[in-house]
Amino acid sequence: MVNRLVSLIFVLFFCGFISFIAVNGTNKIYGKSEVQNISYKLPESWIANISDKQFRLLELSLVDGGDFNVVLFANIQGTAEQNIDRWINQFQIEDSNIETIKDSLSSKNISIVELYGTYEVPNMINRNALKELKEDYGLLGGVIEFGNSIYFVKAVGNNDLVKSNKSNFNEFVYSISLK
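Predicted model only: the values in this text are computed from it and were never measured.

Concerning empty space enclosed by the protein
Here's step 1: In this structure the tally under the stated criterion is one cavity of 30 Å³ or more.
Here's step 2: By volume, the largest cavity is sized at about 40 Å³.
Here's step 3: Forming the boundary of the largest cavity are Glu99, Ile101, Ile112, Val113, Glu114, Leu140, Lys166 and Asn170.
Here's step 4: Among the elements of the structure, strand 7 (99–104), strand 8 (109–121) and helix 4 (166–175) are those that each provide at least two residues to the lining of the largest cavity.

Next up, the structure:
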């Protein structure tokens, strides 16, 4: 009788667990959040806000408010290489200061760029305006390519904050998956 009761409890628990996954997916189990048709895992020291700006899905920053900002884009023009080149051209640097990584996974391809120098803040409203320059700045850029969609992650900020958030950035980029 005890074995039957234990078996029944096990079966009911297992059915409940399967039902939970069927309704909610596995994102809650793994601590992932969702925006549009992707899921991601947010580092503990970051906060995310859904953006109302065109092409931006999320605007992320540090919980403590440091000079470090991350933007997650979708559906912007250009290939991975074109966007990475555009990001690199927003900096005054030597080519030897650019580190790039390309990784092919089963469901996605990831490209990451890291660089440090003087940041020429882009002015999207008036491209002919004088450039605002920020010295001792860094960039972490990531491109996540799925079969039919591409997402871009761009982080800029103070050199020290960029360097100290590199592992968080990489974990965030690699955690992005399609729902």
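So that's the structure; there's more coming.
Section: the sheet that holds strand 11 (residues 177–178)
Here's step 1: As summarised here, the arrangement of the three strands in space is 1-2-11, forming an open sheet in which the pairing is antiparallel. Single-partner strands in this sheet number two, and they are strand 1 (33–35) and strand 11.
Here's step 2: The pairing of strand 1 with strand 2 (residues 38–40) spans three bridges and is classified as antiparallel. In the sheet register, serine 33 faces strand 2, and the bridge partner there is tyrosine 40.

Some thoughts on the pattern of salt bridges
Here's step 1: As enumerated under the stated definition, the model contains seven salt bridges in all.
Here's step 2: Among the salt bridges present, the one from glutamate 59 reaches arginine 56, with a minimum N-O distance of 3.1 Å.
Here's step 3: Looking at glutamate 59, the relative accessible area reads 25%, which means it is partly exposed.
Here's step 4: A salt bridge links lysine 134 to glutamate 132; the nearest nitrogen and oxygen atoms lie 4.0 Å apart.
Here's step 5: Judged by relative accessible area, lysine 134 falls into the partly exposed class, the value being 27%.
Here's step 6: Among the ionic contacts, a cluster of salt bridges with common partners joins Lys53, Arg56 and Glu59.

Observations regarding helix 4
Here's step 1: All buried positions along helix 4 are accounted for by Asn168, Phe169, Phe172, Val173 and Ser175. The buried residues of helix 4 occupy an angular sector of 165° when projected down its axis, which confines them to one face.

Considering the packing of aromatic side chains
Here's step 1: According to the stated counting rule, one finds seven aromatic pairs in the structure shown.
Here's step 2: A ring pair is formed by tyrosine 40 and phenylalanine 172, whose centres lie 5.7 Å apart and whose planes are at 70°; its orientation type is edge-to-face. Taken together, the residues span a long stretch of sequence, with tyrosine 40 in strand 2 and phenylalanine 172 in helix 4 at a distance of 132 residues. An identical accessibility class is assigned to tyrosine 40 and phenylalanine 172; each is buried.
Here's step 3: Look at phenylalanine 146 and tyrosine 151: their rings are 6.1 Å apart centre to centre, the planes differ by 75°, and that puts the pair in the edge-to-face class.
Here's step 4: Among the aromatic residues, ring-to-ring pairing joins Tyr40, Trp46, Phe68 and Phe172 into one connected group.
Here's step 5: Over the ring of tyrosine 116 we find lysine 163, and its NZ or CZ is 5.0 Å from the ring centre.

So, how was this worked out
The numbering scheme is per chain: residues are counted from 1 as the chain's sequence reads. Confidence filtering applies because this is a predicted model: local features only for residues at pLDDT of at least 70, side-chain atom pairs given and counted only at 80 or more, and all residues used for totals across whole chains, interfaces and linings. Only hydrogens and water are set aside when side-chain values are computed; all heavy atoms of the structure are taken into account. We place a 1 Å grid over just the protein atoms. Points where a 1.4 Å probe fits but has no way out form a cavity, open points with protein on both sides within 12 Å along at least 5 of 7 lines form a pocket, and any residue with an atom within 4 Å of a point lines it. Grid points are joined across faces, edges and corners, and a volume is the space filled by probe spheres set on the points. Elements are defined by DSSP. Helices are runs of H or I of four residues or more, strands are runs of E of two residues or more, and each kind is numbered from the N terminus. DSSP-based pairing: two strands are paired if at least 2 bridges between them are found. Whenever Lys or Arg places a side-chain nitrogen within 4 Å of a carboxyl oxygen from Asp or Glu, that contact is recorded as a salt bridge. A simple rule labels every residue: compare its accessible area, found with a 1.4 Å probe on the protein chains alone, to the largest value its type can have, and call it buried under 20%, exposed over 50%, or partly exposed in between. Of all possible arcs, the one meant is that of the directions from the helix axis to the C-beta atoms. Put simply, two rings from Phe, Tyr or Trp (the six-membered ring, in Trp's case) pair if the centres are within 6.5 Å, and we call them stacked under 30 degrees between planes, edge-to-face over 60, tilted for the rest. Whether a charge sits over a ring depends on NZ of Lys or CZ of Arg being within 6 Å of the ring centre and within 35 degrees of the ring normal.

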